[in-house]
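# Structural overview
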Amino acid sequence: MTSRERVQAALEHRTPDRTPRDFGSTAITGIAASLVFRLRQALGLPEKPIKIFCPYQMLGEVDEDLRRYLGVDAITAWPLGNLFGFDNTPVKPFTLFDGTPVLVPEAFNTTPEPDGKLFQYACGDRSYPPSCVMPQGGLYFDSTVRVGPIEDEEALNPVDNLEEFTLLDDDTLKRIEQGIREVYDNTQYAIVGGGPGGTGLGDIAFVPGPMMPNPKGVRDIADWYMSSLIRPDYIKEVFDRQTDIALKNLELYHQAVGERIAVITLCGADFGNQRSLMLSPDLFKELYVPYYQKMTSWIHAHTQWKVFKHCCGAIEPLLPHLIAAGFDIINPVQISAAGMDSELLKQKYGDDLVFWGGGVDTQGTLPYGTPQEVYQQVKEQVRILGRNGGFIFNTVHNAQADVPVENFLAMIEALDG
């Protein structure tokens, strides 16, 4: 099978010739730039600065030579923008705190503060407070809190929580079309498309407005989560208007890329922590499912795409609702969280969901286990989740910078063996 055929077989719950793999097709299935650099060194590949694919998380590009070694089957076109709101083209040299040489976008701030912190500014505009910060010695950025908890409920306006969601313009659509077409015409990889503006309902990476110089509305992270209980009507109005934007953008996006993509990543909002859900199934069904259904129904009626939902944590009780909401794929399959036993998930939901991830635990085994422990866990996860198709191998979320090279290579050895 070609990579495209292999992924499609798994998406259709057919057994492919081998387990399909993804290392780098999204900002939630990638590899930290520092680890990419060390992998290239260990494999004897040409040494060069690593292009930063996602500056927010400092993920590195997996080049074609490394893709071939890793057996990658799914990729994407280079993202045009990022969570900082500026052009994502990697052109400027920079050195990470751990010494890794990288290339970052032109508007990326490369000058640390006197205390070693590295700030980023929305749209590169330094006339406003920084929107993100990386502590000295850090590995990725966190959003800063620039809008505190709401004190005047009467002044709340849903429009304030929608400023970042706009319709795709002609130039952006042209660049998207060119990028996807180039990958489709010149490779045999399965292509993962990014959700166009507005599809990510309540995604906590977007809520603080890191791409906006002067965000307004409910932007404090704790306040946003509390809003599900204390101001659900406000959340519904935001989601209602946001979904209207998303549906228009999905239509524009489909006109640009057609059926060249196999998968679309619709939303990355997390609803679970390590031990439990962060909202009840009933509240999820009320606040989220109707809006997800509008988007997935349009996709399934007008395209052949499979719909990808990222959701971390102990989310097993939500999986029936995610299926009802129209999602085809769940990621990252956090097997270390409560109730997320692989055998249970496969038995209960394997006929309805494709598991994209769950291949190895990135909180414990991959960074801190022995190569043999990594090898054994990968073999076991492939045996369980890969049964009768419906599985794309990826680590549980991104492979982080502290992963030993020998452990990552043991993972690949287990997949190849």
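Every value quoted in this text rests on a predicted model; they were computed, and no experiment measured them. (Residues numbered from 1 in each chain as written. Predicted model: local features only at pLDDT ≥ 70, side-chain atom pairs only at ≥ 80, totals over all residues. Heavy atoms only, no water.)

### Section: the overall build of the protein
Tallying secondary structure elements over the protein gives 13 helices and 14 strands in all. In summary, the protein has a C-alpha radius of gyration of 20 Å against a globular reference of 22 Å for 417 residues, a match within 12%. Overall, the protein is about 60 × 50 × 40 Å in size when its C-alpha atoms are taken along their principal axes. The proportion of buried residues among the 417 residues of the protein is 58%. Look at the contacts in the protein between residues 6 or more apart in sequence, and 71% of them connect residues 24 or more apart. Accessible surface, the protein: about 16900 Å² in total, of which carbon and sulfur atoms supply 50%. Positive and negative side-chain charges in the protein, numbering 35 and 55 respectively, have mean positions lying 4 Å apart. (Helix = DSSP H or I, 4+ residues; strand = E, 2+ residues; numbered from the N terminus. Rg over C-alpha atoms; globule rule 2.2 N^0.38 Å. Buried < 20%, exposed > 50% of the residue type's maximum accessible area, 1.4 Å probe, protein only. Contact = heavy atoms within 4.5 Å. Areas by Shrake-Rupley, 256 points an atom, 1.4 Å probe, with all protein chains shown as cover. Lys, Arg positive; Asp, Glu negative; His and termini not counted. Charge placed at Lys NZ, Arg CZ, Asp CG, Glu CD.)

### Notes on the nonpolar core
If you look at the biggest cluster of nonpolar residues, it comprises 115 residues, and the most contacted ones within it are Phe23, Tyr288, Tyr292 and Phe408. Top element by residues in this core is helix α6 (residues 232–257). It accounts for ten residues. Within the second largest apolar cluster, 14 residues are counted, among which are Val7, Ile28, Ala262 and Trp356. (Core = buried A, V, L, I, M, F, W, Y, C linked by side-chain atoms within 4.5 Å.)

### A word on the side chain of Glu61
Position of Glu61 relative to the elements: it lies in the loop between β2 (59–60) and α3 (64–70). No salt bridge is formed by the buried Glu61, whose closest oppositely charged neighbour, Lys51, lies at an N-O distance of 4.2 Å. If we skip the residues at most four places from it in the chain, Glu61 touches Val36, Ile50, Lys51, Phe53 and Trp78. (Salt bridge = Lys/Arg side-chain N within 4 Å of Asp/Glu carboxyl O.)

### Side note on the sheet that holds strand β6 (residues 118–120)
Taken in spatial order, the three strands make up an open sheet running β6-β7-β8, and their pairing is antiparallel. Taken across any chain shown, the strands that pair with only one partner, and hence form the sheet edges, are β6 and β8 (142–143). (Pairing = 2+ DSSP bridges.)

### What to know about the pairing of strand β10 (residues 263–267)
For β10, the buried fraction is high: five of the five residues fall into the buried class. The pairing of strand β9 (residues 190–194) with β10 spans three bridges and is classified as parallel. Looking at the pairing, Val192 lines up with Val263 of β10. Note that β10 and strand β11 (residues 306–310) share four bridges and pair parallel. Bridged to Ile264 within β11 is Val307.

In short, shape yes, function no, at least from these values alone.
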